[in-house]
Amino acid sequence: SSYPPPPPRDFKSITPPYPHLLRQLEQVRKVLNRPLSLAEKIVYSHLVNVEEGLAGGDPIRGEKHLKLRPDRVALQDASAQMAILQFSTCGREATAVPVSIHCDHLISAYEGAEADLKRSVMSNKEVFDFLESAAKKYGIEFWGPGSGIIHQIVLENYSAPGLLMLGCDSHTPNAGGLGAIAIGVGGADAVDAMTATPWELKAPKLIGVELKGELSGWCSAKDVILEVVGRLSVRGGTGSIIEYYGEGVERMGATGLATIANMGAEMGATTSTFPYSDNMRRYLHATNRGPVADEADKAQAAGFLSPDKGCEYDQHVSIDLSTLEPKLNGPFTPDLSTSLSKFGGLVKEKGWKDELSAALIGSCTNSSYEDMARAASIARQAKAKGLSVKSSFMVTPGSELINATIERDGLKADLEAVGGQVLANACGPCIGQWEREEKKGEENAILTSFNRNFKARNDGNRLTMNFLASPDIVTAMAFSGKLSFDPRHDELLDSEGKPFKFDPPTGDKLPQSGFTAGNTTYLPRPTPEPVPSTPLAISPTSTRLELLAPFEPHFPPEAFADSSKKLEFDDLRCLLRIRGKCTTDEISAAGKWLKYKGHLSNLAENTFIGATNDQTGRVNSAIDFESGEEGTIPEVAKKYKARGQPWMIVTDHNYGEGSAREHASLQPRFLNCKVILARSFARIHRTNLTKQGVLPLTFANDADYSLIDAGDVVSTRGLDDLLRGNLNADVDVVVKKADGSEKVIKTVHGLSKDQVEWIREGSALNLIKRKAAE
Ligand code: F3S
């Protein structure tokens, strides 16, 4: 109560442009003339030009590349650094759409909320200061450390039915809980939206999931998504939007739906969404967004926010919530799903120690009021019987709104009374920011209500088995301390040694006395005016942040007006031929390198350190063609750069698979790589390379891979024709061997018109900058 009242909201900036979207929808209906799914309505109504985008009609899904205009962007502190640095090279004074920055990933868990926050703010001060200065300069809403986790704050403040949002984080789809289409992207894609550059997306396919019946007892929204991930697998959603419908959707709260949408990312789905419901309307009102709900009601009345009868999905799944069982998914992969009734048997069969070492609830996936209220109802039952938790029990509230409300309503006290430790409103243990002292290097099992459970994800220990479950199951199990405990049937002994069994958890979807904002100093100024004179806070001696210089164009601008000048890459040196798997992790390693995400020169020291040289057979080995000396790959690449020697590499199949990590394309370009010639590329990485101005070519004949050796001199032929506008041009490479012989190798470029422009300009950002100046 000693905090100032929250600033008034600017509803305009948080309401999707419904009248415009409805006009666009009319056009979509004219072109396609068939029933539309909800996802199709939202995505296609955000086309820059509906007629052009859908020209020729079906088939659209999985076929056409759509140019879209997103409504909003959200960035978290780790990925925001490179997104903002890239944006700052584009010559814009303000962002073209509303953007928010959230400081959450860099806060580690150690001793509890207050001390952890203080320590993390100290150790990451320069990054937070930089982000705050950028927010001021460009008119971005800044949510500082302690305000909460990006996805929870977006749900509470920005998401809305029918919104199209991009976020630099893979769990951005969480915003789908309010019927938005929210997609996780890299920084360069976010910059497209921030500069009003059409953002390209291959039209996703659709997976329809019908939710029948109603959840009851120990089952919650988390169990629904654990079941879906188990059925569809970690790759099952690739290239698809998951659209849920049915009576089960109507009955669930918006935050429960957000839990389901959040973990669509675990199946590789583009995003997940739900039709507008009464519960969404209630959530909008409860979070002080009544005017947004009123506009959504009108858009719904015009048929925008639900699927048309008879619309078709590419794949279909049906789940009966009334017969669903609680699930535990893991270890080490989210799609290994076991029903609670079978879990005890699995523990025995696998010979795992029947001991739970830590129980963690909260995170962006599961820290709603309902989640906390249900967990607290279990804690109160245990407390009444004189019990406290047997394993450590940590609670991460998703936001200050949740934290303050559960404190006011006594739920925090309920959790603390049984031994729960409430952490800062931040990612903490979910992203490995957990300085866990016990069980180092030991096999042990933890239960979390988070979303990911890859090895070492939470505590850095590859032997920690992480099982994902609902907050209800995680909390109840913490009182038994055993993995084989089934709270539905098994009894515990109370403090007097008498048997006792939990009743199923209960909890309100929304707080009966409304939310309380708590510490309002965390709240940003709504739609702040940009202050262009603000300098970006980057110290010239910083090791973590560095201004990004735009990449030099490959060709001088006057060469494009003079057809006698040949636009070819001549005399590139082959730096190395990479053997086998080369994921974004091999190209740009994570771990200790993460702290350099905002400092390209320092991060570039890890370029290709995980790649295997096909000729020497060694990892991170390259030969300097001038001296003949062997060095690490970044060492040799840096030498080439220093000599002004452009280079290329030859790679194997599926080059760049793994994540959308854009540093994996920025770094080679920064070190003067012009061409990557691969047997095949991972799709997202190939786009990322092109965006940074690196030419991705594929061998026309797979076997030609071994015809180019490190040190060979490689030149393109036909690139000139392509860059001058002939998309059908053949691009080959001429390879000069050390003995003076020459070979011509056929390649395939597969570039779109836009991608050719990015190569012409030297990068997509250069193109944006030129257009901004025109
Ligand atoms: Fe943070 Fe974990 Fe979510 S890292 S954004 S709480 S997935």
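Keep in mind it's a predicted model, so treat the numbers as computed, not measured.

Student: Is there a simple way to explain the overall build of the protein chain in this structure?
Tutor: Assigned secondary structure in the protein chain consists of 27 helices and 30 strands. Against the 2.2 N^0.38 benchmark of 28 Å for 774 residues, the protein chain shows a C-alpha radius of gyration of 27 Å, consistent with a compact globule. Sorting the 774 residues of the protein chain into buried and exposed places 54% on the buried side.

Student: Looking at this model, I keep getting lost on the environment of Ile-431. Mind explaining?
Tutor: Inspection of the secondary structure puts Ile-431 in the loop between β16 (421–422) and β17 (444–448). The buried category is assigned to Ile-431, around which 24 C-beta atoms lie within 10 Å. Taking the C-alpha atoms as reference points, Ile-431 and Asp-490, separated by 59 residues in sequence, lie 33 Å from one another.

Student: How do you make sense of the site of the ligand when you look at a structure like this?
Tutor: Taken together, the neighbourhood of the ligand is formed by 13 residues, with Ser-363, Cys-364, Cys-427, Cys-430 and Ile-431 sitting nearest. Looking at which domains feed residues into the shell around the ligand, each of domain 1 (11–203 + 277–302) and domain 2 (326–500) gives three or more.

Student: Would you take a moment to explain the sheet that holds strand β6 (residues 181–184) for this structure?
Tutor: By definition, the strands of a sheet pair up through backbone hydrogen bonds, in either a parallel or an antiparallel sense. Strand order in this open sheet of five strands is β4-β3-β2-β5-β6, and the pairing throughout is parallel. The two strands at the open ends of the sheet, each matched to only one other strand, are β4 (141–143) and β6. Across the sheet, the mean angle from the axis of one strand to that of its neighbour is 20°, orientation sign disregarded. With three bridges joining them, strand β3 (residues 99–102) and β4 adopt parallel strand pairing. Residue pairing across strands places Ser-100 opposite Glu-141, the latter belonging to β4.

Student: Please clarify how the sheet that holds strand β8 (residues 205–212) should be interpreted in this entry.
Tutor: The four strands are arranged β10-β9-β8-β11 in an open sheet whose pairing can be described as parallel. Both outer strands of the open sheet, β10 (271–273) and β11 (315–320), are each paired with one neighbouring strand and no more. Across the sheet, the mean angle separating the axes of adjacent strands is 20° when strand polarity is ignored. Examined bridge by bridge, β8 and β11 share six bridges and lie parallel to one another. Paired with Gly-208 across the strands is His-316, a residue of β11. Lying over the sheet, helix α10 (residues 221–232) contacts β8 and β11, oriented at roughly 140° with respect to β11.

Student: I tried to follow the nonpolar core on my own but got confused; where do I start?
Tutor: In this structure, Leu-131, Ala-190, Ala-359, Leu-575, Met-648 and Ile-676 are the most contacted members of the largest nonpolar core, which totals 231 residues. Looking at this core, the element that brings in the most residues is helix α16 (residues 369–384), giving eight residues. Apart from the residues lying within four places of it in its own chain, the contact partners of Ala-190 are Val-73, Leu-75, Ala-83, Leu-166, Cys-168 and Val-185.

Student: Just to check I follow, could you spell out the domain arrangement of the protein chain for this structure?
Tutor: Accessible area lost on assembly of the parts is the figure often given for the size of an interface. We note that the domain assignment places domain 1 (11–203 + 277–302), domain 2 (326–500) and domain 3 (557–773) within the protein chain. Domain 1 and domain 3 are separated by 32 Å when their C-alpha centres are compared. In this assembly, 19 residues from domain 1 lie in contact with 16 residues from domain 3. Contributions of two or more residues to the side of domain 1 that touches domain 3 are made by α5 (77–87) and α9 (187–194). Per-element accounting of the side of domain 1 that touches domain 3 gives the leading share, five residues, to α5.

Student: I'm lost on the packing of helix α2 (residues 18–32) against helix α3 (residues 38–45) in this one. Help?
Tutor: Between two packed helices, what matters for the description is the angle formed by their axes and the separation of those axes. Across the interface, α2 lies against α3 with an axial gap of 9 Å and an inter-helix angle of 110°. Classified by the angle their axes make, α2 and α3 are roughly perpendicular. Judged by residue contacts, Leu-21, Gln-24, Leu-25 and Val-28 of α2 engage Lys-41, Tyr-44 and Ser-45 from α3. Across the contact of α2 with α3, the residue classes tally to four nonpolar, two polar and one charged.

Conventions adopted
- Residues numbered from 1 in each chain as written.
- Predicted model: local features only at pLDDT ≥ 70, side-chain atom pairs only at ≥ 80, totals over all residues.
- Helix = DSSP H or I, 4+ residues; strand = E, 2+ residues; numbered from the N terminus.
- Rg over C-alpha atoms; globule rule 2.2 N^0.38 Å.
- Buried ≥ 20, exposed ≤ 12 C-beta atoms within 10 Å, placed from the backbone.
- Near = placed C-beta within 6 Å.
- Domains from an automatic or database assignment.
- Pairing = 2+ DSSP bridges.
- Axes fitted to C-alpha atoms, helices over the stretch in contact; angles between N-to-C directions.
- Contact = placed C-beta atoms within 7 Å.
- Core = buried A, V, L, I, M, F, W, Y, C linked by C-beta atoms within 7 Å.
- Parallel < 35°, antiparallel > 145°, perpendicular 65-115°, else oblique.
- Nonpolar A, V, L, I, M, F, W, Y, C, P; charged D, E, K, R; others polar.

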